[in-house]
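Architecture at a glance
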Amino acid sequence: MSRIVFFCIPAHGHTNPTLGVVRELVARGHEVLYYSYRMLQKDIESTGATFVACDEFDAQQHLTPQEGARIGSDLALSTRVLVDTTLALDEAVCREMERLRPDCIVADSMAVWGKAVALKLGIPFVSSTTTFAFNRYSARIMKQSGKGMLSMLFSMREVNRQIRRLRDRGYPVKSILDIISNDENTDTIVYTSPQFQPCAETFSEKYAFVGPSIRPTVQQIPKTRDRLVYVSMGTVNNDMLPLYRSCIDALKDMDCQVILSVGNQVDLSQFGPLPEGIAVYSSVDQMAVLEKADVFVSHCGMNSVSESLYFSVPLVMLPKTSEQEGVAARVEQLGAGLLLKKTTPEAIREAVTRVLEDPSFREAAARIAEGFRACPGAKGAADKIESCCRTVVPKIHG
């Protein structure tokens, strides 16, 4: 069997979709080494892979709390962190890969050090893309907001300076597009369906659209009313107490069960006594909630949106980063969600009510879910990786 190495950035949203794929590869008898960060060690080791820590090289750990809050929305800062981490890992990763000589390297699309070392050492490479695949056609569909475009323009001088740092160390990077997109000859796994991916027909056969990675539920969530509204702003920048209070004010008089997942940055005691039917948690089993939910008020991270649509749950969307804006735009184009323009209780109540009462939103979500369920999933992703390994793999699995 083959020796396969994974690289990823320190983010649950980029790691979680790969876990089912790693579990499938290990079950097929492959040796998998996963280079990541200790915050994710338990999840990675649960797949049967060997975990290798990269924490000492991670530039994000040295950011101030203020910088950390901007990491998803500030292109210049994000690029600097990426370049700092890449250059810190450069020598160690090259040395390790020369020693291990893996049959294939699989790297997150943002973990450019994995792609770079594969190119340098002639090791077969597969890109793992947990957002939409990006090319000049999909870019036209996933239009930036005016504010986002202006922010990007102001960032480009610093971004280009960071790109020059990579080129000076021998990395074949011409622009930021070489980081956020792959060319037509790069074997690429994309964790969505051809139906949900904008302009899927414009990507080469090197791209495998395998569908979202949906893990089994781990707890039971009782549904206490006919309709359930779920509110979550993700696992990263979720210190949004005023928004959560607006949601409670908006939904307290509706005949709905309401579950808010607010993260660890918010003190639950600050909510005080809650209205009947509303529950607030630091975290929940999102899959278990979405199995029962009727609408999801979401920040529009790719994983959260994919999980919601997999269960045919339409969305009320409040994106905060350009990536989330792109995902929200696609959901809106396909009719499966409504963009929240304001965060007042009145605006939230109006949006939730409209999505609950207009069946077209759930029907559109169900069509996307059908496309997701038709995808090959983790098995298809594992097949793609096996086909790229330099060791020939006998087809003994189903």
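Structural notes, computed from the coordinates. For clarity, every value in this text was computed on a predicted model and none was experimentally measured.

**Points about the overall build of the chain**
Of the regular secondary structure elements, the chain holds 15 helices and 13 strands. Within the chain, contacts between residues separated by at least 24 positions form 64% of all contacts whose residues are at least 6 apart in sequence. Taken as a whole, the chain presents about 18100 Å² of accessible surface, with 51% of it coming from carbon and sulfur.

**A few points about the sheet that holds strand β5 (residues 125-129)**
With parallel pairing, the seven strands of this open sheet are ordered in space as β3-β2-β1-β4-β5-β6-β7. Only two strands of the sheet have a single partner each, and these edge strands are β3 (50-53) and β7 (207-209). The sheet shows a mean angle of 20° between the axes of neighbouring strands, direction not considered. Note that strand β1 (residues 3-7) and strand β4 (residues 104-108) share four bridges and pair parallel. By the bridge assignment, I4 is partnered in β4 with C104. Running at roughly 150° to β4, helix α5 (residues 112-121) makes contact with β1, β4 and β5 of the sheet.

**Examining the sheet that holds strand β12 (residues 315-317)**
Strands sit in the order β10-β9-β8-β11-β12-β13 across an open sheet of six strands; the sheet is parallel. Each edge of the open sheet carries a strand with a single partner, namely β10 (278-281) and β13 (337-339). Taking the axes of each pair of neighbouring strands and ignoring which way they run, one obtains an average angle of 15° across the sheet. As defined by bridge partners, strand β9 (residues 257-261) adjoins β10 across four bridges and the pair is classed as parallel. Bridge pairing in β10 links V258 to I278. Along the sheet, helix α9 (residues 241-251) contacts β8 (228-232), β9 and β10; its crossing angle with β9, the most-contacted strand, is approximately 180°.

**Observations concerning the nonpolar core**
One finds V229, Y244, L251, L260, F271, V316 and V352 to be the most contacted residues of the largest nonpolar core, which totals 32 residues. Elements that contribute at least two residues to this core include exactly β8, α9, β9, β10, β11 (295-298) and α13 (345-357). When residues in this core are grouped by element, the largest group, seven residues, is from α9. In terms of nonpolar packing, the next biggest core, distinct from the first, is built from 29 residues, V305, F311, V327 and V331 among them.

**Section: the packing of α9 against α13**
At a closest axis distance of 8 Å, the pairing of α9 and α13 adopts a crossing angle of 60°. One element, α9, and the other, α13, form an angle in the oblique class. When you trace α9 past α13, the crossing you get is right-handed. From α9, L243, S246, C247, D249, A250 and L251 reach across to α13, where they touch P345, I348, R349 and V352. Among the residues making up the contact of α9 with α13, the classes are represented as seven nonpolar, one polar and two charged.

**Here's the deal with α5**
Burial analysis of α5 places seven of its ten residues in the buried class, which makes it a mostly covered element. Within the span of α5, buried status applies to V112, W113, G114, A116, V117, A118 and L121.

**Regarding the pattern of salt bridges**
Tallying each qualifying case throughout the model produces 17 salt bridges. R165 is the partner of D84 in a salt bridge, and the nearest nitrogen-oxygen pair spans 2.7 Å. Taken together, the positions of D84 in helix α4 (residues 75-100) and R165 in helix α7 (residues 146-168) put the pair 81 residues apart, joining distant regions of the chain. Under the relative-accessibility criterion, D84 is labelled partly exposed at 24%. Sharing partners across several salt bridges, the network here consists of E24, R28, K379, D383 and E386.

**Re the packing of helix α1 (residues 12-27) against helix α15 (residues 377-388)**
When two helices pack together, their arrangement is given by the angle between the helix axes and the distance between those axes. Close contact between α1 and α15 brings their axes to 8 Å; oriented N to C, the two are set at 65°. Note that α1 runs across α15; the crossing there is right-handed. Across from G20, V21, E24 and L25 in α1, the residues of α15 making contact are A378, K379, A381, A382, I385 and E386. In terms of residue class, the contact of α1 with α15 is made up of six nonpolar, one polar and three charged.

**Regarding the side chain of S304**
With respect to the helices, strands and loops of the structure, S304 is situated in helix α11 (residues 302-310). Beyond its immediate sequence surroundings of up to four residues, S304 is in contact with Q286, F296, S298 and H299.

**Some details on the packing of aromatic side chains**
Within this structure, the stated rule accounts for nine aromatic pairs. On the basis of an interplanar angle of 75° and a centroid distance of 6.1 Å, the ring pair of F203 and F209 is categorised as edge-to-face. Judged by its relative accessible area of 13%, F209 falls in the buried class. When the centroid spacing of 4.7 Å and the interplanar angle of 20° are considered together, the rings of Y230 and F296 count as stacked. One end of the pair, Y230, is in strand β8; the other, F296, is in strand β11, and 66 residues separate them in sequence.

**Brief notes about the side chain of Q197**
Locating Q197 in the fold gives a position in the loop between β6 (187-190) and β7. The residues contacting Q197, other than those within four sequence positions of it, are F132, A133, S138, V190, T192, F203, F209 and R330.

**Focus: unusual backbone geometry**
Phi is positive for R101, which is not a glycine, with a value near 45°. For R101, the location among the structural elements is in the loop between α4 and β4. If you check the backbone angles, S312 has positive phi at about 60° while not being a glycine. Within the secondary structure layout, S312 lies in the loop between α11 and β12. S312 sits in the buried class, given a relative accessible area of 18%.

Analysis parameters
Residues numbered from 1 in each chain as written. Predicted model: local features only at pLDDT ≥ 70, side-chain atom pairs only at ≥ 80, totals over all residues. Heavy atoms only, no water. Helix = DSSP H or I, 4+ residues; strand = E, 2+ residues; numbered from the N terminus. Contact = heavy atoms within 4.5 Å. Areas by Shrake-Rupley, 256 points an atom, 1.4 Å probe, with all protein chains shown as cover. Pairing = 2+ DSSP bridges. Axes fitted to C-alpha atoms, helices over the stretch in contact; angles between N-to-C directions. Core = buried A, V, L, I, M, F, W, Y, C linked by side-chain atoms within 4.5 Å. Buried < 20%, exposed > 50% of the residue type's maximum accessible area, 1.4 Å probe, protein only. Parallel < 35°, antiparallel > 145°, perpendicular 65-115°, else oblique. Left-handed = near helix turned anticlockwise from the far one by under 90°. Nonpolar A, V, L, I, M, F, W, Y, C, P; charged D, E, K, R; others polar. Salt bridge = Lys/Arg side-chain N within 4 Å of Asp/Glu carboxyl O. Phe/Tyr/Trp six-rings, centres within 6.5 Å; stacked < 30°, edge-to-face > 60°.

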